[in-house]
Every structure is written in structure tokens, then in C-alpha cells.
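Structure at a glance
Residue strings, one per chain:
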Amino acid sequence: MRKVGLVLSGGGARGFAHIGVLKALENEGLVPSVVVGTSMGGIIGGLYASHNSSSQMENFLKKFSFSDVLDKASPLYGLTLNAVDKNKILKYIMMQVAMSSLFVRKGFDSGRKVRGVLKELTKGSTFKNLGIPFACVSVDLKSGKRIVFKEGKLYKAMYATMAIPPYFAPYEYNGMLLADGGIVSNAPVDVAYKMGAERVVAIDVNKTVTDKERDNFKNAYEVLLRVYELQEDIIYKQELAKSDLTISIDLDVDVLDFSNLKYCVKEGEKSIKTHIKELQEIWR
């Protein structure tokens, strides 16, 4: 069988679909030889490479509470996105508190608890201890360079790949200031090839939105978000085009809505079943 690389894209809560992808591949006996991920794809990929099965990840997330990994001083602590969305006053207050906090720190949350949970889940593993060769990417805000993690402590790399501004503070590491890899490389297909993959399958969990209605631009924050989205989208499409097969999962889920685990996992499984013949040919 060929040496196949699996690239798991970033996408926030949509990245839960990667669990379903891994579950379906396991059931078909299609085990990747290399796994590469960015942001949530880096989290799921790192857990999988460190001997956590798709079922173990799913069971953990069913009992998971977002507040468990947040600083109590964080303006996000104790709040759910659904609660905020349904209460306009709460939404306004949260936005004021959150924005003012950014003038005194580098993110809404320090990421300290997140790193602790990741360390526990990966049992403090280094990249050398992994069951499957794995890499994830981050960006050094100082130099603007993409940083590829393939050695050292896994939990540190996993935090660096998911530290999305302004929600989590960048990670200071070896003189660098590291943030979410999706800023510069949301589907690092080239990394999988460099790690020895003969064929690469990329999993895209980002719903394609080519046009936006006028109502989507209510304030400066939404305008800036769209600018960021467009800039990232150009690089992202170029990266996906380098894969032998891209499986796009169209998920009707907001990137920060972590309440749709079951739906995302099912859609991930479904996507593999839809492309099973192509996947078997790639692995053959």
C-alpha cells in the first residue's frame, strides 16, 4: 500500500468533523502514514497521533465544558455562545468587557489551562513518542514565517497551532511569538509531502461563502473579519489544490459554536463513505 498523508484543515468547531473522518477511515482499514494539521485539525491530528482513537476523542468531547479550559479572569468564562446570541444586552456587555481587556493583555485568555489539558491528553508526549508521524503548523508573529512543528513537546505545538487571536494569547516559545497556523497555512499539504507521503488527502471543513449580503456588515468588526477571511481564502485554495484528493465537508456550523459535535462527526463519516472508491484507489 502507498504511503498516504492526511491533512486536516483548521476551522474551529467545524474541525470536529475530522473525528468522523478518522473513525470512517479506521472502519475501512485505511490508516494514514502521515498526519498533518492546522488549528483544530492540529488538535485532532495530534491527539490521534498520540494514541487516542476517534472514539476516545468523541467520548471526551461529549463531556467537555468550554469553561473548563478558560481562565476564570477571562471575559469568556462561564458563557456559552448560545446564551450570548440570545441575549442582546449580554452580548453588548460581553463585547465591551472583552474589547477593553485587549488593551491590557494579548488575548481574551492566557491559554494556560488549555496547555494543561493538552499536556494531560497527550500524556506529555514528544513527537518522537507518537504512533504516527505528525506535524502541525503555527505562525511566528514577529517574523511572519510559518513554523512547522515536528519535534519537541506535542502539547506546546498543539497550543501554538490553535492560538487564534484575539481569543487566545500568542505562545512565547524559543524567542518566537506563535499564533494560529490558519493565518498563513490552513491546509499544509506540502508538509505532508515533505514528510514522505506519496499521496495526500486533504480534509476541508470550511463552508465556501463567495458572496455576503449587506446585512453581514453591521460593524467594523464584521468588516475586518471579512477582510481576514478573504486574505486567508486565497492561500487556502492554493494549498488544497496541491493534494491528490480534497474532501470538502459543507457544515452549517459557526466556527465558534462547539455545541454540534454529533452533527459534525456524522458529516465527517458521511464524507468518507461518499469518496470511498477514490480513497481506496489512493491507498492501493
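Heads up: the structure comes first, above all this text.
Residues numbered from 1 in each chain as written. Predicted model: local features only at pLDDT ≥ 70, side-chain atom pairs only at ≥ 80, totals over all residues. Heavy atoms only, no water.

1. Focus on the overall build of the protein
Along the protein, the regular secondary structure elements total eleven helices and eight strands. Of all 284 residues assigned to the protein, the portion counted as buried reaches 50%. The contacts in the protein between residues at least 6 apart in sequence include a share of 77% that link residues at least 24 apart. Carbon and sulfur atoms make up 54% of the accessible area of the protein, which amounts to about 14,600 Å² in all. (Helix = DSSP H or I, 4+ residues; strand = E, 2+ residues; numbered from the N terminus. Buried < 20%, exposed > 50% of the residue type's maximum accessible area, 1.4 Å probe, protein only. Contact = heavy atoms within 4.5 Å. Areas by Shrake-Rupley, 256 points an atom, 1.4 Å probe, with all protein chains shown as cover.)

2. Considerations on the pattern of salt bridges
On inspection of all chains with the given rule, the structure shows six salt bridges. Measuring nitrogen to oxygen at the nearest pair gives 2.8 Å for the salt bridge that ties Arg-146 to Asp-190. Here Arg-146 is found in strand S4 (residues 146–149), whereas its partner Asp-190 is found in helix H8 (residues 189–194), with 44 residues between them in sequence. Look at Asp-190 and you get buried, because its relative accessible area is 18%. (Salt bridge = Lys/Arg side-chain N within 4 Å of Asp/Glu carboxyl O.)

3. Focus on the packing of helix H1 (residues 17–27) against helix H3 (residues 54–62)
Here H1 crosses H3 at 150 degrees, and the two axes come no closer than 9 Å. With respect to each other, H1 and H3 are oriented roughly antiparallel. H1 and H3 meet at a crossing whose hand is left-handed. The segment H1 lies against H3, with Ile-19, Leu-22, Lys-23 and Glu-26 engaging Ser-54, Met-57, Glu-58 and Leu-61. Partitioning the contact of H1 with H3 into residue classes produces four nonpolar, one polar and three charged. (Axes fitted to C-alpha atoms, helices over the stretch in contact; angles between N-to-C directions. Parallel < 35°, antiparallel > 145°, perpendicular 65-115°, else oblique. Left-handed = near helix turned anticlockwise from the far one by under 90°. Nonpolar A, V, L, I, M, F, W, Y, C, P; charged D, E, K, R; others polar.)

4. Digging into the nonpolar core
In this structure, Phe-149, Val-201, Ile-203 and Leu-279 are the most contacted members of the largest nonpolar core, which totals 62 residues. By residue number, the principal contributor to this core is helix H7 (residues 154–162), which donates seven residues. Listed in part, the 15 residues of the second largest apolar core include Val-137, Ala-187, Val-189 and Ala-202. (Core = buried A, V, L, I, M, F, W, Y, C linked by side-chain atoms within 4.5 Å.)

5. Remarks on helix H6 (residues 112–121)
What H6 keeps buried is the set Val-114, Arg-115, Leu-118 and Leu-121. Down the axis of H6, the buried side of the element spans an arc of 125 degrees, and every buried residue falls inside it. Facing away from the buried side of H6, by more than 90 degrees, are the exposed residues Arg-112 and Glu-120. Looking at the packing, one finds that the buried side of H6 touches helix H2 (40–49), H3, H7 and strand S5 (171–173). Of the residues one or two after H6, Lys-123 is the one with positive phi, at around 55 degrees. (Arc of directions from axis to C-beta.)

6. Some remarks on the packing of aromatic side chains
Scanning the entire structure with this criterion turns up six aromatic pairs. Consider the rings of Phe-127 and Phe-134, whose centres lie 6.0 Å apart with planes at 10 degrees: the pair is stacked. Ring geometry for Phe-149 and Tyr-173: centres 5.8 Å apart, planes at 50 degrees, overall tilted. Highlighted residues: Phe-149 in strand S4 and Tyr-173 in strand S5, separated in sequence by 24 residues. One aromatic cluster is present, formed by Phe-149, Tyr-159, Phe-168, Tyr-171 and Tyr-173 through successive ring pairs. Geometry around Tyr-159 places Arg-115 over its ring, the cationic atom sitting 4.8 Å from the centre. (Phe/Tyr/Trp six-rings, centres within 6.5 Å; stacked < 30°, edge-to-face > 60°. Lys NZ or Arg CZ within 6 Å of the ring centre and 35° of its normal.)

7. Quick look at unusual backbone geometry
Positive phi, close to 55 degrees, is recorded for Lys-123, a residue that is not glycine. Its location among the elements puts Lys-123 in the loop between H6 and strand S3 (134–140). Lys-123 sits in the exposed class, given a relative accessible area of 68%. Unlike most non-glycine residues, Asn-174 shows phi in positive territory, near 50 degrees. Checked against the element boundaries, Asn-174 lands in the loop between S5 and strand S6 (176–180).

8. Describing the pairing of strand S2 (residues 34–38)
Counted residue by residue, S2 has five buried out of five residues, so it is predominantly covered. Burial of the side chains of S2 extends over both faces: Val-34, Val-36 and Thr-38 are buried on one face and Val-35 and Gly-37 on the other. Relative to S2, strand S1 (residues 4–8) runs parallel, the two sharing four bridges. By the bridge assignment, Leu-6 is partnered in S2 with Val-35. Chirality of the crossover, the property in question, places the unit of S1, H1 and S2 among those that are right-handed. (Pairing = 2+ DSSP bridges. Right-handed = clockwise from strand over helix to strand, strands pointing away.)

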